[in-house]
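Residue strings, one per chain:
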Amino acid sequence: MALLEKFASAAAIRDKLGAGGQDPTHVVIDQIISPTEGLVGGRHTILAGTNNYLGLTFDPACVAAGQRALEEQGTGTTGSRMANGSFATHAALERDLADFFQLPYGMVFSTGYAANLGTLTALVKPGDTVLLDADCHASLYDGCQMSGATIYRFRHNDLASLEKRLQRLGEMAENCLVITEGMFSVLGDTAPLAKIVELKNRYGALLLVDEAHSLGVYGESGCGVAQAEGVLGEVDFVVGTFSKSLGAMGGFCVSPHPELDLIRYVSRPFIFTASSSPSIIASTREALRQLRARPELRETLWRNANRLYEGLQALGLHLGPEVSPVVAVRLNKKEDALSSWNRLLKAGIYTNLMIPPASPDGFSYLRCSVSAAHTPEQLEEIISAFARL
Ligand SMILES: Cc1ncc(COP(=O)(O)O)c(C=O)c1O
């Protein structure tokens, strides 16, 4: 029984989170009505925390592609690609991604989390070094930890801090992988990738960028922040997910290095898990086609992001440093954040509660993510609900 005693601290966290009304980690959307609306606890609720940036989850072409694949290829693959074979569409999605990013190599994983574990555990080993932005997502930390490489964090988006770390490594900088994100998931700020590329080139390091939140959001054709900064061809590994702008599930890595294809032979999170089901691959491929064919989705997303940021800023709220589709309202105390989150939910607005240790800087945040599918009226409702807080 001693093994189970450690759950006392988890029970204490659960009790605290539930004390304000709804436990934010157990929200059930009883009915999902559209990309931006659901029924929560019997109440019509505007979904302002979905990461559904392009609003493609109900797109008729994506739904039809998924349905067709279900009928034609069945419900699942029932095994891993290494042991049980790939479906032709897994390989086709890898070609689609390589073509989209204009990079020669692409690889698909079953989740975005697995893409980070799978890429990092293959790329770095004990004896290698990773320099990781302090605000990087847990999946990047976990991948580094699993790899056994030596991990140093540099201060968030701080070039001087990164350069100091590279300098200290001396010749070892050539055995080093720098890791950062395009758009960061909690505050919606972006990495200075052009300058980071200049640094990693100068010190002979490699660079991996997680564009999970920036795919479909930044860049001339939606490839992400590296494209927006004009350095996509110089990033060594771009990883990302299908679970945000593409409205599905799965992850990927694309790269100019032929070694990406060899990761398949050594990456346990790729080898020892079932491959994505055909319907997921089909809806993802269609969503990627939509993303490429309809730049107006990105334009609407940015119009909406500007409106929400400007509306919340006018209320005097403390927001992230950049206008972006992630609009995070900062609160000093965890307790205030929890009660404000509950009040917003009761007012029919669902946001994401981010509290330490899962949030940057020790602050708490009510994180909103904007969708191209939000109507102007929904955005005004979100702003008024914050005003009433
Ligand atoms: C930056 C980042 N990378 C990776 C992931 C993991 O992606 P997935 O949830 O699709 O597994 C997330 C998920 O939130 C993320 O924010």
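Rules and cut-offs
- Residues numbered from 1 in each chain as written.
- Predicted model: local features only at pLDDT ≥ 70, side-chain atom pairs only at ≥ 80, totals over all residues.
- Heavy atoms only, no water.
- Helix = DSSP H or I, 4+ residues; strand = E, 2+ residues; numbered from the N terminus.
- Buried < 20%, exposed > 50% of the residue type's maximum accessible area, 1.4 Å probe, protein only.
- Areas by Shrake-Rupley, 256 points an atom, 1.4 Å probe, with all protein chains shown as cover.
- Near = heavy atom within 4 Å.
- Polar contact = N/O pair within 3.5 Å; in protein donor to acceptor, adjacent residues only side chain to side chain.
- Nonpolar A, V, L, I, M, F, W, Y, C, P; charged D, E, K, R; others polar.
- Salt bridge = Lys/Arg side-chain N within 4 Å of Asp/Glu carboxyl O.
- Core = buried A, V, L, I, M, F, W, Y, C linked by side-chain atoms within 4.5 Å.
- Contact = heavy atoms within 4.5 Å.
- Axes fitted to C-alpha atoms, helices over the stretch in contact; angles between N-to-C directions.
- Parallel < 35°, antiparallel > 145°, perpendicular 65-115°, else oblique.
- Left-handed = near helix turned anticlockwise from the far one by under 90°.
- Pairing = 2+ DSSP bridges.
- Right-handed = clockwise from strand over helix to strand, strands pointing away.

### Here's the deal with the overall build of the chain
Step number 1: Check the secondary structure of the chain and you find 16 helices and 14 strands.
Step number 2: The dimensions of the chain, computed from C-alpha atoms along their principal axes, are 55 × 55 × 55 Å.
Step number 3: Going through the 389 residues of the chain one by one, you find that 54% of them count as buried.
Step number 4: Here the chain has roughly 16900 Å² of accessible surface; of this, 54% comes from carbon and sulfur atoms.

### What about the site of the ligand?
Step number 1: The local shell around the ligand holds 14 residues, among which Tyr-113, Asp-210, His-213, Thr-241 and Ser-243 are the closest.
Step number 2: Contact distances for the ligand include 3.1 Å between an oxygen atom and a backbone N or O atom of Gly-112.
Step number 3: A distance of 2.5 Å separates an oxygen atom of the ligand from a polar side-chain atom of Thr-241.
Step number 4: When the ligand is considered free in solution it has 390 Å² of accessible area, and contact with the protein chains removes 82% of it.
Step number 5: It is helix α6 (residues 112-123) that contributes the most residues to the shell around the ligand, three residues altogether.
Step number 6: Residues of the shell around the ligand, tallied by class, amount to two nonpolar, nine polar and three charged.

### Digging into the pattern of salt bridges
Step number 1: Summed over the entire model, instances satisfying the criterion amount to 15 salt bridges.
Step number 2: Between Arg-202 and Glu-198 there is a salt bridge, with its nearest N and O atoms 3.0 Å apart. Note that Arg-202 and Glu-198 are positioned in helix α9 (residues 193-203) at a spacing of four residues, about one turn of the helix.
Step number 3: Overall, Arg-202 belongs to the partly exposed group, its relative accessible area being 48%.
Step number 4: A residue is classified by how much of its surface remains accessible, and Glu-198, at 41% relative accessible area, is partly exposed.

### Structural notes on the nonpolar core
Step number 1: The biggest cluster of nonpolar side chains holds 80 residues, and the ones touching the most others in it are Leu-97, Phe-101, Leu-166, Val-178 and Leu-308.
Step number 2: Once you skip the residues sitting within four places of it in the chain, Leu-166 turns out to touch Leu-131, Ala-173, Cys-176, Val-178, Leu-199, Tyr-203 and Ala-205.
Step number 3: Counting 24 residues, the second-largest nonpolar core is a separate cluster that includes Val-130, Cys-144, Leu-177 and Ile-271.

### Details of the environment of Leu-131
Step number 1: Mapped onto the elements of the fold, Leu-131 is located in strand β5 (residues 129-133).
Step number 2: For Leu-131, a relative accessible area of 0% corresponds to the buried category.
Step number 3: Taking C-alpha positions, Leu-131 is 40 Å from Met-1, a pair spaced 130 residues apart along the chain.
Step number 4: Excluding residues within four positions of it along the chain, Leu-131 makes contact with Tyr-152, Phe-154, Leu-162, Arg-165, Leu-166, Leu-169, Cys-176, Leu-177, Val-178 and Ile-179.

### Side note on the packing of helix α5 (residues 88-101) against helix α13 (residues 278-293)
Step number 1: Viewed as axis vectors pointing N to C, α5 and α13 meet at an angle of 20°, and their least axial separation amounts to 10 Å. Our classification of the angle between α5 and α13 gives roughly parallel. The way α5 lies across α13 gives a crossing that is left-handed. On α13, the residues that touch Thr-89, His-90, Ala-92, Leu-93, Asp-96, Leu-97, Asp-99 and Phe-100 of α5 are Ile-281, Thr-284, Arg-285, Leu-288, Leu-291 and Arg-292.

### Remarks on the side chain of Arg-264
Step number 1: Checked against the element boundaries, Arg-264 lands in helix α11 (residues 260-266).
Step number 2: Separated by 3.2 Å, the side chains of Arg-264 and Glu-94 make a polar contact.
Step number 3: Looking at Arg-264, its side chain comes within polar contact range of the side chain of Asp-261, at 3.3 Å.
Step number 4: Setting aside chain neighbours within four positions, we find Arg-264 in contact with Arg-81, Met-82, Glu-94, Gly-106, Met-107, Phe-270 and Ile-271.

### What to know about the sheet that holds strand β3 (residues 43-47)
Step number 1: Across the sheet, which stays open at both edges, the four strands sit in the order β1-β2-β3-β12 with mixed pairing between neighbours. Because the sheet does not close on itself, it has two edges, and the strands there are β1 (29-34) and β12 (349-350).
Step number 2: Summarising the sheet, strand β2 (residues 37-40) and β3 pair through four bridges and their orientation is antiparallel. Opposite Val-40, over in β3, you have Arg-43 as the bridge partner.

### What to know about the sheet that holds strand β13 (residues 352-354)
Step number 1: With antiparallel pairing, the three strands of this open sheet are ordered in space as β11-β14-β13. In the strand order of this sheet, the two ends are held by β11 (326-331) and β13, each with one partner. Taken pair by pair, the neighbouring strands of this sheet meet at an average axis angle of 25°, ignoring direction.
Step number 2: Relative to strand β14 (residues 364-369), β11 is paired through six bridges, and the arrangement is antiparallel. By the bridge assignment, Val-327 is partnered in β14 with Cys-368.
Step number 3: Along the sheet, helix α15 (residues 334-346) contacts β11, β13 and β14; its crossing angle with β14, the most-contacted strand, is approximately 35°.

### Quick notes on the pairing of strand β6 (residues 150-154)
Step number 1: As judged from the five bridges shared by β5 and β6, these two strands associate in the parallel manner. Residue Leu-132 lies in a different strand from β6, and its bridge partner there is Arg-153.
Step number 2: On the question of chirality, the crossover connecting β5 to the parallel β6 by way of helix α7 (residues 138-147) is right-handed.

### Observations regarding the environment of Val-217
Step number 1: Relative to the helices and strands, Val-217 resides in the loop between β8 (206-210) and α10 (225-228).
Step number 2: Sequence separation between Val-217 and Ile-355 is 138 residues, and the spatial gap between their C-alpha atoms is 25 Å.
Step number 3: Excluding residues within four positions of it along the chain, Val-217 makes contact with Tyr-53, Gly-222, Ser-245, Arg-298, Leu-301, Trp-302 and Pro-325.

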